[in-house]
Amino acid sequence: MSNRGVRLLLLASVFTIATCGLIYELLAGTIASYLLGDSVTQFSTVIGVYLFAMGVGSWLSRYVERNLAGVFIQVEFLIALFGGSAAACLFAVFPHVNSFRVPLYAIVFVVGSLVGLEVPLLLRLLSAQLHLKDLISKVFTFDYIGALLASLLFPLFLVPYCGVAQTGFLFGILNAVVGLIALWALEIPNARALRIYGIGVLAFLVAGLFFSERIVAWSEAAAYGEDIIYTRSTPYQRITLTRHSDDIRLYLNGNLQFSSRDEYRYHEALIHPGLARLRNARHVLVLGGGDGLAVREILRYPQIESVTLVDLDPAMPRLFSTQEILTRLNAGAFSSPKVRVVNSDAFAWLKQNRRVFDFIVADFPDPSNFSVGKLYTTAFYARAQAALAPDGAMVIQCTSPFIARKSFWCVDETLHASGFVTEPYHVYVPSFGEWGFILASHRALAGEPEFPAGLRYLDASSFAELFIFPPDMVKVPADANRLNNQALVRYFETEWGRYLRQ
Amino acid sequence: MKTTRRQFLATAGGGAMALLAGCGNSPRVFPGRIVGASAAAGHRLRDGAFPAPDETLDAEVVVIGGGIAGLAAARRLDGRRDLLLVELEQETGGNAACGRNAVSAYPWGAHYVPLPNEESTEVIALFEELGIIRGKDPRGLPIYDEEALCSDPMERLLDCGRWQEGFLPQLGVTPGERRQYDAFFARMEAFRRTPGAFAIPLDLGSPYPELDRITMAAWMNANGWDAAPLRWYVDYCCRDDYGAGIEHVSAWAGVHYFASRRGRAANAERDSVVTWPEGNGWLAQKLSAPLAARIRRGCIVWNIEAAGKYTFVDCFDLARERSVRLRARGAVCAAPRFIAQRIVRGLAPAQGLEYSPWMVANVTLDSPPVGPGAPLAWDNVSRRSRSLGYVVATHQNLNPVQRETVLTHYWPLDAQSPADERRRAVARTHDEWCGLIAEDLEETHPGVTGQIRNIDVWLWGHGMIRPVPGFIWGEARRRMREPHGMVFFAHSDMSGLSLFEEAYTRGCQAADALLARL
Ligand SMILES: Cc1cc2nc3c(=O)[nH]c(=O)nc-3n(C[C@H](O)[C@H](O)[C@H](O)COP(=O)(O)OP(=O)(O)OC[C@H]3O[C@@H](n4cnc5c(N)ncnc54)[C@H](O)[C@@H]3O)c2cc1C
């Protein structure tokens, strides 16, 4: 190739490296603010680490003595590999690490120093052909044009249409292709080995592009109107975590389970109206509730000796016991030695269970289909009854008595048909609306509640209000829900269907 | 033959699906086998000579056949008399047999019992003993074990390309056809409310000779009930219960289906049924468990004869290839009548016995089938299919997430005469049956073939007695009920309707009659 050709190629490399480098930096900043919130801090620290790493790379470049072109291309491939897969890797490790910042800054540092290494090498490669004056002016011009292009493409096109992980792979591929072209054009010793290496990296990135799940597809994020920080399909459900500034939300199959801003209202109302009146309670059973938020409330009572949590999906307790943001939410509930997690279906588990519990929490998803509907039937409550101590109590989350009034009272009727005494109550949770619960026991609960310290919503006066049903939510007649009529699912479908169509 | 556009599309579509399923032009081969029944053992009765017994054992009473009737009789005799029950299959249960694989238990034949009527006292007593009935509510209505009641949704029908709840066609039904629905069901309700009209056991009811003489189709014609959806529905019901449609069964049997059920429950609707993943196999196993030590399996009874004060029962042990003579004071023969009259020496053959052949397949799927409209139910029928659709064996499971499942596919073989159908059925290979079954399921659920993991097939050559005109209240059936010396008979054949309650009650009655004579 002519000198002119080589020169153009090298300048094109400057351009791609600049574009790709900035893209990797923006990706890391975006992911950090998706996952950790507080975008100002995240972007500043990521950019800081990145620039510092570039400095380290530049400094290291002095140790490259021989085979400049060969090292240059090798580094190019390394940038392609690390930079291209960084976004996908960060998403993948997020749920499994205690401190997300360690892998985040590590990867930013590695990519930054590689990019930092690359520019001085380029300058030296070109120095044979250009005067210093031209050299500096040309290289920096291309560098800054590349940066401009990257910073415009990123928010306007790449994130909305490609998604974060895909963008990473795309630019990694671009990096690798430029490296391969350079390899072909320049005269380099040992080119064969390098070529195999480069093609390997390219193949890896292409595979990543096609096979990685669209981790943060814009369409999905748009559906939630929040940034998605984690999403995964397990054999049982699709788990999605979102963040909107300091608000973290959990969705299961697209249905909101909690918002970190007001979940304390839900979980205090779920646990304390019952448990605060059971002074002798020692053993608690939680059915569903793999987020550990109910367990957090239960562990406020020092006399509780054991909490058994039965959740179908092992992914839920695992996620909520490893991820730092989430363990902060549930106050590390799963690391308490009192807590035992069982991954099993609640119905099947109760069928073989012989233990007796003082307090049972049934925190299942809403009865929106026949499978879940079974967990609200007289047959299920008969099983639960056998597991409940004579002076114990069971609490059940039962959808919104405002939106699905008949459904709510259907659960009440079902509990009566199963021989329970009930205390229906409700609470206002801003992200949910008016929400209903029912306390069920063998005989009426006596005594005043003794609330533990640290509650944000419940006290003596808000407790008394829970049990007041205004006229638009008072009891309506409904059939008991049985396996053989699934009355609840039918009410629920009609009522929520009507509400959502409005 | 002119191919209609629809047929063409169906074939083309089926072909495309077959390609998609990854099997090119040759039909896919499904793992599985033809499991039962032991037709070969049965044929030996007709053709083969058995070796003379080389050993004689004493038993006070012997029960021949371990179907529901035989098990009921044995249960009644057990503890009162020294007892042996002889069954030719490796398992008791007869038409209520069941199987099990890694995914689920499933029925091979009978799969449910409707809420028993008050007059089905034997069955009610059994249900109470087994805990299926748990007590009575203040109104005196039985409280059923909820987990035994068929879970909702129970039935759905694929018609006009959509699944609808229930089997009575609702889509595109004209006002005129609706008026026929109303008239037909009003008439059935009137029969149902008439005391002593239709009962279970059926011998407690009334003969209505005018209904017994003609077919259900003829009776419907006479009443002007010609609406296609109504006739399809009534035909479906008759095929489901009798293995033969309205052109074959008597109007009495047809009306009995609709007018005899009066069972009630404190905690279920009138049309509820009790069922288990293994179908009535659950009941058969509960009946046989306490009798285990008194049951001889894999032994075919080939001769029953009286000599002096003894009744000799000769049976051939299929595994050991030798015959044993049982010397008893009396016996209950609970084998089907067409066999009974071959093995009971001197028993006059009953005239006019017709049996419906059936094919039952258990199809294991990687995931439950999907379709537009109503969600998967327990019993799922397509109006366009000649099969009776499928029952979901995992429906009664309580775990909320089900991926793999077993469908029990029911197919009464009634296109031609029973003899021809029987011949055709046994001639077909496993692959040929799988082809028919997969094609039928594919019509109902395009693409389902790719989900099929295994198909096992069971052929019932003489699955159900057919209540053809004149049979139920005729001479043959009356004579079938008479004992022969000290041999008493018990089988649902003697009712002319193949129902659990009939079989069970016959067994109890035969045992009581025998006990009274000992
Ligand atoms: C496909 C199908 C589906 C059905 N579904 C239902 C349903 O859902 N609900 C319902 O109520 N009914 C149903 N039935 C009817 C069912 O037949 C009866 O409910 C009942 O199980 C019949 O019991 P049985 O004892 O009268 O007869 P069988 O079940 O015929 O019992 C006869 C027994 O005798 C044995 N035997 C025969 N010959 C000999 C011999 N020589 N030596 C030793 N043993 C011998 C046989 O192996 C068998 O075990 C169904 C039947 C079929 C075929």
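Conventions used here
- Residues numbered from 1 in each chain as written.
- Chains lettered and ligands numbered in written order.
- Predicted model: local features only at pLDDT ≥ 70, side-chain atom pairs only at ≥ 80, totals over all residues.
- Heavy atoms only, no water.
- Helix = DSSP H or I, 4+ residues; strand = E, 2+ residues; numbered from the N terminus.
- Buried < 20%, exposed > 50% of the residue type's maximum accessible area, 1.4 Å probe, protein only.
- Contact = heavy atoms within 4.5 Å.
- Near = heavy atom within 4 Å.
- Polar contact = N/O pair within 3.5 Å; in protein donor to acceptor, adjacent residues only side chain to side chain.
- Areas by Shrake-Rupley, 256 points an atom, 1.4 Å probe, with all protein chains shown as cover.
- Buried area = accessible area lost by both parts, 1.4 Å probe.
- Salt bridge = Lys/Arg side-chain N within 4 Å of Asp/Glu carboxyl O.
- Nonpolar A, V, L, I, M, F, W, Y, C, P; charged D, E, K, R; others polar.
- Phe/Tyr/Trp six-rings, centres within 6.5 Å; stacked < 30°, edge-to-face > 60°.
- Lys NZ or Arg CZ within 6 Å of the ring centre and 35° of its normal.
- Domains from an automatic or database assignment.
- Patch = residues over 30% accessible without salt bridge, like charges linked within 9 Å, V, L, I, M, F, W, Y side chains within 5 Å.
- Axes fitted to C-alpha atoms, helices over the stretch in contact; angles between N-to-C directions.
- Parallel < 35°, antiparallel > 145°, perpendicular 65-115°, else oblique.
- Pairing = 2+ DSSP bridges.

S.K.: Sorry if this is basic, but what is going on with the overall build of chain B here?
M.R.: Broken down by element type, chain B carries 15 helices and 23 strands. Taking the principal axes of the C-alpha coordinates as reference, chain B spans close to 70 × 55 × 50 Å. In chain B, buried positions account for 56% of the 518 residues. Partitioning the intrachain contacts of chain B with sequence separation of at least 6 by distance along the chain shows that 72% fall at a separation of at least 24.

S.K.: Help me out: how do you make sense of the site of the ligand in this one?
M.R.: All names here are of chain B. The full set close to the ligand counts 34 residues, and Ala69, Glu87, Asn95, His491 and Phe500 are the nearest of them. In the environment of the ligand, an oxygen atom lies 2.6 Å from a nitrogen or oxygen atom belonging to the side chain of Glu87. A distance of 3.0 Å is found between an oxygen atom of the ligand and a backbone nitrogen or oxygen belonging to His111. Here the ligand, which alone exposes 990 Å², has 96% of that area covered by the protein. Secondary structure elements with two or more residues in the shell around the ligand: α3 (68-77), β14 (299-307), β18 (355-365), β22 (452-465) and α15 (500-517). For the shell around the ligand, the element with the most residues is β14, which contributes 3 residues.

S.K.: What am I meant to see in the interface of chain B and chain A here?
M.R.: Often, the extent of an interface is quoted as the loss of accessible area on bringing the components together. Counting residues at the interface gives 19 residues for chain B, matched by 20 residues for chain A. Both faces considered, chain B and chain A share a buried interface measuring about 1,700 Å² in area, 51% of it formed by carbon and sulfur atoms. Where chain B touches chain A, the interface holds 4 salt bridges. The partner of Arg490(A) in a salt bridge is Asp152(B), and the shortest N-O contact between them spans 2.6 Å. Class assignment for the residues of the side of chain B that touches chain A results in 8 nonpolar, 6 polar and 5 charged.

S.K.: Sorry, what's going on with the packing of aromatic side chains here?
M.R.: Between two aromatic rings, the relevant description is the distance of the centres plus the angle of the planes. Scanning the entire structure with this criterion turns up 50 aromatic pairs over all chains. A centroid spacing of 6.4 Å and a plane angle of 65° characterise the contact between Phe364(A) and Tyr376(A), whose relative ring orientation is edge-to-face. Of this pair, Phe364(A) sits in the loop between β8 (357-363) and α14 (370-373) while Tyr376(A) sits in the loop between α14 and α15 (378-386), and the two are 12 residues apart along the sequence. A relative accessible area of 8% places Phe364(A) in the buried class. Plain terms: the ring middles of Trp358(B) and Tyr410(B) are 6.3 Å apart, the flat faces sit at 85° to each other, and that makes the pair edge-to-face. Here Tyr410(B) lies in strand β21 (residues 405-412) and Trp358(B) lies in strand β18, a separation of 52 residues in the sequence. Three or more aromatic residues joined by ring pairs form one cluster here, namely Phe184(B), Phe185(B), Phe191(B), Phe198(B), Tyr208(B), Trp219(B), Trp225(B), Tyr233(B), Trp252(B), Tyr257(B), Phe258(B) and Trp473(B). In this structure, Arg62(A) is placed above the aromatic ring of Tyr63(A), and the distance from its NZ or CZ to the ring centre is 5.6 Å. A cation sits over an aromatic face here: Arg156(B) above Trp163(B), 3.7 Å from the ring centre.

S.K.: What exactly am I supposed to notice about the side chain of Gln396(B) here?
M.R.: All names here are of chain B. Mapped onto the elements, Gln396 comes out in the loop between β20 (390-392) and β21. For Gln396, a relative accessible area of 9% translates into the label buried. Polar side-chain contacts of Gln396 include one of 3.3 Å to the backbone oxygen of Glu147. In this view, Gln396 contacts Glu147, Ala148, Leu149, Cys150, Ser151, Thr275, Trp276 and Pro277; residues no more than four positions away in its chain are not counted.

S.K.: Help me understand the environment of Val426(B) in this model?
M.R.: Residues and elements named next belong to chain B. Within the secondary structure, Val426 sits in helix α12 (residues 418-427). The exposed category is assigned to Val426, whose relative accessible area is 54%. Sequence spacing of Val426 and Gly496 is 70 residues, and the spatial spacing of their C-alpha atoms is 25 Å.

S.K.: So what exactly am I meant to see when it comes to the domain arrangement of chain A here?
M.R.: According to the domain assignment, chain A contains domain 1 (3-224) and domain 2 (258-501). Here the C-alpha centre of domain 2 of chain A lies 50 Å away from the C-alpha centre of domain 1 of chain A.

S.K.: Got a minute to help me understand a nonpolar patch on the surface in this structure?
M.R.: A cluster of nonpolar side chains, namely Leu148(A), Leu152(A), Leu156(A), Phe157(A) and Tyr161(A), defines an oily patch on the protein surface of about 580 Å² accessible area. Summarising the element assignment, Leu152(A) is placed in helix α5 (residues 132-162).

S.K.: Any chance you could explain the packing of helix α5 (residues 175-193) of chain B against helix α8 (residues 228-242) of chain B here in plain terms?
M.R.: For any two helices packed against each other, one specifies the inter-axial angle together with the distance between the axes. Residues and elements named next belong to chain B. Packing of α5 against α8 brings their axes to within 8 Å, and their N-to-C directions diverge by 40°. For the element pair α5 / α8, the angle class is oblique. Listed contacts from α8 to Glu177, Gln180, Tyr181, Phe184 and Phe185 of α5 are Ala228, Pro229, Leu230, Tyr233 and Val234. Looking at the contact of α5 with α8, its residues break down into 8 nonpolar, 1 polar and 1 charged.

S.K.: Hey, could you run me through the sheet that holds β18(B) in this one?
M.R.: Strand pairing in a sheet relies on backbone hydrogen bonds, with the paired strands running either antiparallel or parallel. Residues and elements named next belong to chain B. Read from one edge of the open sheet, 8 strands run β1-β22-β18-β21-β20-β19-β10-β11, paired in mixed fashion. On the outer flanks of this sheet lie β1 (34-36) and β11 (162-165), each paired with one strand and no other. Across the sheet, the axes of successive neighbouring strands diverge by a mean angle of 25°, strand direction being ignored. Sheet analysis places β18 next to β21, joined by 8 bridges and oriented antiparallel. Bridge pairing in β21 places Thr364 opposite Val406. Along the sheet, α12 makes contact with β18 and β22, crossing β18 at roughly 35°.

S.K.: Whenever I open this one, the sheet that holds strand β15 (residues 310-317) of chain B confuses me. Can you help?
M.R.: Residue and element names in this part refer to chain B. Strands sit in the order β2-β16-β15-β14 across an open sheet of 4 strands; the sheet is mixed. The open sheet has two edge strands with one neighbour each: β2 (56-58) and β14. Taken pair by pair, the neighbouring strands of this sheet meet at an average axis angle of 25°, ignoring direction. For β14 and β15, the ladder comprises 8 bridges, and the chain directions are antiparallel. In the sheet register, Asn303 faces β15, and the bridge partner there is Asp314.

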